[in-house]
Amino acid sequence: MTTIYDVARRSGVSPATVSRVLSGRRNVDPELSEKVRAAVAELGYRPNGVARNLRKSSTNLWAVVISDIENPFFTSLVRGLEDVAQTEGYHVVLCNSDEDSAKEAAYASAVLTDQMAGVVISPTSTAEGVHLLANAKIPLVMIDRRVEGVEADTVLVDNEHGAFEGVKHLIDGGYRRIACITGPRKVSTAMDRLAGYRSALRAGGIRYDKDLVRHADFREAGGYAAMESLLELPDPPEALFATNNLMTVGALECLAKKGLRAPDDIAIVGFDDIPWADLVIPSLTTVAQPTYELGRTAGMLLKDRTASPGRPPSTVTLRTELHIRATSAPKK
């Protein structure tokens, strides 16, 4: 393992100078700082958090890196993971990447520096942190999203099937001009749910119209802007499938602001159940994910990976469930 002394020798400075540079102190000559950082990058050196704190010599921490802490989807998921962690003698550290690849990479570096026992992560679109963790061979479980080229334990839901069922329900209700608000093109869940939407249209004999599809950011503001854009079409949609809960909320906010109502003006099915979906008027039709089970399964996989590091990676795919409520009532 590369040490601070190796970095000092490579950069031609003292170990104390290396320590000052890595701790972010400003009383170091910029030229020397640059030499130290170059040596750190070249040698792949990481400060040893265990060495800094002997009490942490045997870590019992799992990190869970989620992509959006404001999304209620992750609340039950983290609870499922934590229940397994507590049973197995681990504590959970919650990290929010905020769909920001730089934050994700920073958290991944912190996990490695502090030598945490394992990580459960919902990757960002570029998955920089996932690649960092995978290359370091730390016990790793991906949730909600796949990352191409990374072989790791993964827990997903059947996104394409869930989307298919949601859109088929709208078609069975007599709707033909059905729009879709999905997420970023680089995110697997967004593209899987779009594929399910297209499959349902095809099965229903409806031609796919790219003008009825919007790629947003999986957030309320993105859902609002996408809905507004769809309403501005010369021939607006008569139904909407939104591929996550926050974008569904944004779409509903847009409709309310324009004096429109579901399902009278536009029928709506959202992906992800929402705690208050039964309480609003009209109640919201959703494709529900087994979020607690997602977290619990991820915890079990992480436990097994820690016990058997050499076993082949496995992927667990859980089923969704369509909850039919008022916003998708049949077309009049």
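Fair warning: this is a prediction, and the values are worked out from it, not measured in the lab. Residue numbers run consecutively from 1 along every chain, following the written order of its sequence. Where totals are concerned, whole chains, interfaces and linings use all residues; where local detail is concerned, this predicted model gives features only for residues with pLDDT of at least 70, and gives and counts side-chain atom pairs only at 80 or more. Calculation of side-chain values draws on the structure's entire complement of heavy atoms; hydrogens and water are dropped beforehand.

1. A few points about the environment of Asp6
Link 1 in the chain: Where helices and strands are cited, they refer to DSSP runs of H or I of at least four residues and of E of at least two residues respectively, numbered from the N terminus. With respect to the element layout, Asp6 can be found in helix 1 (residues 4-11).
Link 2 in the chain: For the exposure calls, accessible area comes from a 1.4 Å probe over protein chains only, and a residue counts as buried if that area is under 20% of its type's maximum, exposed if over 50%, partly exposed in between. On the basis of relative accessibility, which here comes to 25%, the residue Asp6 falls in the partly exposed class.
Link 3 in the chain: By the convention used here, residues are in contact when the closest approach between their heavy atoms is within 4.5 Å. With residues near it in sequence (within four places) discarded, Asp6 still touches Met1 and Leu43.
Link 4 in the chain: Within 3.5 Å is the distance limit for a polar contact, defined as a pair of N or O atoms, with the added protein rule that one can donate a hydrogen and the other accept it, and that residues adjacent in sequence qualify only through two side-chain atoms. A distance of 2.6 Å separates the side chain of Asp6 from the side chain of Arg9, its partner in a polar contact.

2. Things to note about the packing of aromatic side chains
Two descriptors summarise a pair of aromatic rings, namely the distance from one centre to the other and the angle between the planes of the rings.
Link 1 in the chain: Aromatic pairing here means that ring centres of Phe, Tyr or Trp (its six-membered ring) are within 6.5 Å. Orientation follows from the plane angle: under 30 degrees is stacked, over 60 is edge-to-face, and everything else is tilted. Under the counting rule described, the total for this entry stands at four aromatic pairs.
Link 2 in the chain: Aromatic side chains Trp62 and Tyr90 sit 4.6 Å apart centroid to centroid with 20 degrees between the ring planes, which places their arrangement in the stacked category. Of this pair, Trp62 sits in strand 1 (residues 61-66) while Tyr90 is found in the loop between helix 5 (73-88) and strand 2 (91-96), placing the two residues 28 residues apart along the sequence.
Link 3 in the chain: On the basis of relative accessible area, Tyr90 is assigned to the buried category, the value being 18%.
Link 4 in the chain: Measuring from centroid to centroid gives 6.4 Å for Phe241 and Phe271, while their planes differ by 70 degrees, and the two rings are edge-to-face.

3. With respect to the packing of helix 5 against helix 12 (residues 291-307)
Link 1 in the chain: Lines are fitted to the C-alpha atoms to define the axes, a helix being fitted only along its stretch in contact, and any angle between axes, read from their N-to-C directions, falls within 0 to 180 degrees. Packing of helix 5 against helix 12 brings their axes to within 6 Å, and their N-to-C directions diverge by 35 degrees. Helix 12 is crossed by helix 5, and the crossing has right-handed handedness. Each of Phe73, Ser76, Leu77, Arg79, Gly80, Leu81, Asp83, Val84 and Glu88 in helix 5 lies in contact with helix 12, whose residues at this interface are Thr291, Tyr292, Leu294, Gly295, Arg296, Ala298, Gly299, Met300 and Lys303.
Link 2 in the chain: Side-chain classes are defined by residue name, with Ala, Val, Leu, Ile, Met, Phe, Trp, Tyr, Cys and Pro counting as nonpolar, Asp, Glu, Lys and Arg as charged, and the others, Gly among them, as polar. When grouped by side-chain class, the residues that make up the contact of helix 5 with helix 12 number eight nonpolar, five polar and five charged. Crossing chirality is assigned from the near helix's rotation relative to the far helix, an anticlockwise turn below a right angle marking it left-handed and a clockwise turn marking it right-handed.

4. Details of the domain arrangement of the chain
Link 1 in the chain: Here the chain is partitioned into domain 1 (4-55), domain 2 (58-157 + 291-318) and domain 3 (159-289).
Link 2 in the chain: Domain start and stop points were drawn from an automatic or database domain assignment. Computed over C-alpha atoms only, the centres of domain 2 and domain 3 are separated by 29 Å.
Link 3 in the chain: At the junction of the two partners, domain 2 supplies 15 residues and domain 3 supplies 15 residues.
Link 4 in the chain: Values labelled buried area give the accessible surface lost by two parts on being combined, using a 1.4 Å probe and summing over both. When the area that domain 2 buries against domain 3 is broken down by residue, the three leading residues are Ser125, Arg146 and Val157, summing to 36%.
Link 5 in the chain: One side-chain nitrogen of Lys or Arg within 4 Å of one carboxyl oxygen of Asp or Glu is enough to make a salt bridge. Linking domain 2 with domain 3 are three salt bridges.
Link 6 in the chain: The partner of Arg146 in a salt bridge is Asp192, with the nearest N and O atoms 2.7 Å apart.

5. Section: the confidence of the model for the chain
Link 1 in the chain: What pLDDT conveys is the predictor's confidence in a given residue, as a value from 0 to 100. With 95% of its residues at a pLDDT of 70 or more, the chain has an overall mean of 92.
Link 2 in the chain: Overall, residues 53-58 carries pLDDT values under 50, and its contacts beyond four positions in sequence, including any with other chains, amount to three contacts.

6. Description of the side chain of Thr243
Link 1 in the chain: Looking at where Thr243 falls in the secondary structure, it is placed in the loop between strand 8 (239-242) and helix 11 (245-257).
Link 2 in the chain: Here Thr243 is in contact with Cys180, Ile181, Thr182, Gly183, Arg193, Phe218 and Phe271, once residues within four sequence places are set aside.

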